[in-house]
Amino acid sequence: MREEGEAGPGMGGGREGRARGRGRRKDSASRAAPCRLAALGAATRPSEPRARARARARSAGAMWAAMLAVCNWSTLGACAALKLPQIFAVLTARSARGISLPSLLLELAGFLVFLRYQCYYEYPLLTYLEYPILILQDLILLLCVFHFNGDVRRAAPYIALLVTSWFLLTLQKWIIDLAINLCTFISAASKFAQLQDLWKTKDSGVMSALTCSLASYTCAILTRFVIMMTLNIWVTATVLRYQKTDVKAE
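Calculation notes
Residues numbered from 1 in each chain as written. Predicted model: local features only at pLDDT ≥ 70, side-chain atom pairs only at ≥ 80, totals over all residues. Heavy atoms only, no water. UniProt positions renumbered as here; feature names shortened; annotations may be inferred. Phe/Tyr/Trp six-rings, centres within 6.5 Å; stacked < 30°, edge-to-face > 60°. Helix = DSSP H or I, 4+ residues; strand = E, 2+ residues; numbered from the N terminus. Buried < 20%, exposed > 50% of the residue type's maximum accessible area, 1.4 Å probe, protein only. Axes fitted to C-alpha atoms, helices over the stretch in contact; angles between N-to-C directions. Parallel < 35°, antiparallel > 145°, perpendicular 65-115°, else oblique. Left-handed = near helix turned anticlockwise from the far one by under 90°. Contact = heavy atoms within 4.5 Å. Nonpolar A, V, L, I, M, F, W, Y, C, P; charged D, E, K, R; others polar. Salt bridge = Lys/Arg side-chain N within 4 Å of Asp/Glu carboxyl O. Polar contact = N/O pair within 3.5 Å; in protein donor to acceptor, adjacent residues only side chain to side chain. pLDDT = per-residue confidence, 0-100.

The name given to the protein in an unreviewed UniProt entry is Solute carrier family 66 member 3, and the organism recorded there is Equus asinus. Listed under Subcellular location (unreviewed entry) in UniProt, the entry text for the protein is "Membrane".

Trainee: Tell me about the packing of aromatic side chains, residues and numbers included.
Mentor: Under the defined criterion, the tally for this structure stands at 8 aromatic pairs. Relative to Tyr131, the ring of Phe114 has its centre 4.5 Å away and its plane inclined at 35°; by these criteria the two rings are tilted. With a gap of 17 residues between them, Phe114 in helix α4 (residues 101-120) and Tyr131 in helix α5 (residues 130-148) connect regions that are remote in the sequence. With respect to class, Phe114 is no different from Tyr131; both count as buried. Grouping aromatic residues by their ring pairs yields a cluster made of Tyr117, Tyr120, Tyr121 and Tyr123.

Trainee: Account for the packing of α4 against helix α6 (residues 156-168), with residues named and values stated.
Mentor: In contact at an axis separation of 10 Å, α4 and α6 are set at 25° when each is read in the N-to-C sense. Considered as vectors, α4 and α6 are oriented roughly parallel to each other. Helix-helix and strand crossings are classified by hand; for α4 and α6 the assignment is right-handed. Here α4 contributes Leu105, Leu108, Leu112, Leu115, Arg116 and Cys119 to the contact with α6, which in turn contributes Tyr158, Leu162, Ser165 and Trp166. When its residues are assigned to classes, the contact of α4 with α6 shows 8 nonpolar, 1 polar and 1 charged.

Trainee: Lay out the pattern of salt bridges with the relevant residues and their values.
Mentor: As enumerated under the stated definition, the model contains 6 salt bridges in all. Residue Glu107 is joined to Lys83 by a salt bridge in which the shortest nitrogen-to-oxygen separation is 2.9 Å. One end of the pair, Glu107, is in helix α4; the other, Lys83, is in the loop between α2 (48-80) and α3 (84-93), and 24 residues separate them in sequence. In this pair, the class of Glu107 matches that of Lys83, namely buried. Overlapping salt bridges, with partners in common, bring together Lys83, Glu107, Asp138 and Lys191 in one network.

Trainee: So what's going on with the side chain of Asp203? Residues and values would help.
Mentor: Inspection of the secondary structure puts Asp203 in the loop between α7 (173-201) and α8 (209-221). Here Gly205 takes part through its backbone nitrogen, which lies 3.0 Å from a polar atom of the side chain of Asp203.

Trainee: So what's going on with the confidence of the model for the protein? Which residues, and what values?
Mentor: Of all residues in the protein, 66% attain a pLDDT of 70 or more, and the chain-wide mean is 76. Taking the mean pLDDT of every element in the protein, the minimum, 47, falls on helix α1 (residues 9-44) and the maximum, 94, on α4. Confidence over residues 1-19 falls short of pLDDT 50; this stretch has 3 contacts with residues more than four positions distant or in other chains. Segment residues 42-46: pLDDT under 50, and 1 contact once partners within four positions in sequence are set aside and those in other chains are kept.

Printed below as a string of structure tokens:
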């Protein structure tokens, strides 16, 4: 007989075998878990080339955003000072010789149409902030032209027409839409009017080459005005040409 507490070989061997089996399964599960986690991490982790491409894309996006901000603010600064050299030249010479009145009026009309369009469709202020500044400068220059040409009161009908146009443009939606489509042609006509005056007189008078150069820069930044950039450069070159002619004559 077996003593009390002693297990038989069959019963003890069975329990020990089952215990060893459970131990081996636990060891194999513990060894397999890191492998499964590593495989899962490799599957979910983006590849190195893709990560580098994304980093480059983010870097390029930030660079373009910075360049766009520089262009926007530099254009606004150039527009804020665009007509100041011309106004200073007129006041210094106490003469408006060389400045084409039709060109100035057409330019004012183009600025007015664009500003009215932006206001009508409620665009963000920063997209058209330069236009009120340009219109104010052109109005000052217009008054200077009429003042030095003899009678500043002659500017009143033109200013009244501009104010009336501000309200007429939005009487119907199709009017403002048509006007904005003609805006580039109006502005181009203003440059051709100035060029025609320069060709006719062969005298740049008090025309400011700096103002024309700033206008070329602002048009270069605003790519939709490529035509205007070309015309402004043309006017600048003509002004410089006739300025050199004046110096030689003196």
